[in-house]
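Summary of the model geometry
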Amino acid sequence: MKKRKKKPVQTTLRCPYCGRTARLRPAAYVYGDDTLDADSFLYVCDGYPDSCDAYVGAHKKSLLPKGTLADSELRHKRILAHRALDALWKQGYMTRHSTYIWLQTRLCLREKDMHIGMFSDYYCGQTIRECEEFMKWHKESRKGGKCA
Ligand SMILES: [Zn+2]
């Protein structure tokens, strides 16, 4: 791990969908005043909600973005990819750590790019496919052996 130089928190990003500025805003800006996430922040595109619906969560302490801005479709895809990946270690096929190493190898990603919050639509799709294939392979190889 490289040491990260201390620098002031960057509170604006560029929206990759429309090119507008995305600013750090309280979660209530998107989720409404009754959100349970009242103390969290998001980077929200200036076009939100009229012409663009891209945003991304910020880490609670550092306020750094958790990934790249995503529109509703990509946000949904990232949730599905996360769920597929989590299932592998939650069901005990691998440890959480080795699940991430496994996916990183399967997708030929560098360690620093192995964050679902940064995944494009393509990588989300690949993640889901790899996880499904792994499960399928595992079930089939189990079928071949005798149940203890
Ligand atoms: Zn935008």
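From a predicted model like this one, the values you see are computed outputs, not experimental measurements.

Re the side chain of E130
Its location among the elements puts E130 in helix α4 (residues 121-144). Here R106 takes part through its side chain, which lies 2.8 Å from a polar atom of the side chain of E130. Excluding residues that lie within four positions of it along the chain, E130 makes contacts with W102, L103, R106 and L107.

A few points about the domain arrangement of the protein
When its domains are assigned, the protein resolves into domain 1 (12-57) and domain 2 (72-144). Using only C-alpha atoms to locate each centre, domain 1 and domain 2 end up separated by 27 Å.

Structural notes on the environment of C52
Relative to the helices and strands, C52 is located in the loop between β3 (41-45) and β4 (55-57). Residue class for C52 comes out buried when judged on its relative accessible area of 9%. When the C-alpha positions of C52 and M118 are compared, they lie 19 Å apart, and in sequence the two are 66 residues distant. Among residues more than four places away in sequence, those in contact with C52 are C15, Y17, C18, R20, C45 and G47.

Points about the environment of V9
By secondary structure assignment, the location of V9 is in the segment before β1 (12-14). Taking C-alpha positions, V9 is 6.8 Å from L64, a pair spaced 55 residues apart along the chain. Excluding its chain neighbours within four sequence positions, the residues that come into contact with V9 are Y43, S62 and L63.

Notes on the coordination of the zinc ion
Geometry sets the ideal angles at a metal, namely 109.5 degrees for four tetrahedral donors and 90 or 180 degrees for six octahedral donors. All of the protein donors around the zinc ion are C15 (SG), C18 (SG), C45 (SG) and C52 (SG); their distances to the metal are 2.3 Å. Coordination at the zinc ion is tetrahedral: its 4 donor atoms span angles of 97 to 117° at the metal. Every donor residue of the zinc ion comes from the same chain, spaced as C-x2-C-x26-C-x6-C. Using a relative accessible area of 2% as the deciding quantity, one classes C15 as buried. Taking the relative accessible area as the measure of exposure, C18 reaches 34% and is therefore partly exposed.

A closer look at the packing of aromatic side chains
In total, this model carries 8 aromatic pairs according to the counting rule given. With a centroid separation of 6.0 Å and an interplanar angle of 90°, the aromatic rings of Y48 and Y55 are classed as edge-to-face. As far as the burial class goes, Y48 and Y55 line up, both buried. Aromatic side chains Y93 and F134 sit 5.7 Å apart centroid to centroid with 85° between the ring planes, which places their arrangement in the edge-to-face category.

Looking at the pattern of salt bridges
Side chains carrying opposite charge are able to pair once their charged atoms draw close together. For the coordinates displayed, the defined rule picks out 10 salt bridges. Note that D113 and R110 form a salt bridge whose closest N and O atoms lie 2.9 Å from each other. Assessed through its relative accessible area of 21%, D113 is described here as partly exposed. In this structure, the salt-bridge partner of K112 is D113, at a minimum N-O distance of 3.6 Å. You can call K112 exposed: its relative accessible area is 55%. Each of R106, R129, E130 and E133 takes part in one network of salt bridges that share partners.

Focus on the pairing of strand β2 (residues 21-26)
Bridge count between β1 and β2: 3 bridges; the pairing is antiparallel. The residue of β2 that forms the bridge with R14 is T21. Connecting β1 to the next strand, β2, in antiparallel fashion are 6 residues, including G19 with a positive phi near 85°. Of the strand pairs in this sheet, β2 and β3 are connected by 5 bridges, and their pairing is antiparallel. Within β3, the residue paired with L24 across the bridge is Y43.

Definitions and cut-offs
Residues numbered from 1 in each chain as written. Predicted model: local features only at pLDDT ≥ 70, side-chain atom pairs only at ≥ 80, totals over all residues. Heavy atoms only, no water. Helix = DSSP H or I, 4+ residues; strand = E, 2+ residues; numbered from the N terminus. Polar contact = N/O pair within 3.5 Å; in protein donor to acceptor, adjacent residues only side chain to side chain. Contact = heavy atoms within 4.5 Å. Domains from an automatic or database assignment. Buried < 20%, exposed > 50% of the residue type's maximum accessible area, 1.4 Å probe, protein only. Donors = N, O, S within 2.8 Å, 3.2 Å for Na, K, Ca; no water. Tetrahedral: all angles 85-135°; square planar, octahedral: opposite > 155°, others 65-115°. Phe/Tyr/Trp six-rings, centres within 6.5 Å; stacked < 30°, edge-to-face > 60°. Salt bridge = Lys/Arg side-chain N within 4 Å of Asp/Glu carboxyl O. Pairing = 2+ DSSP bridges.

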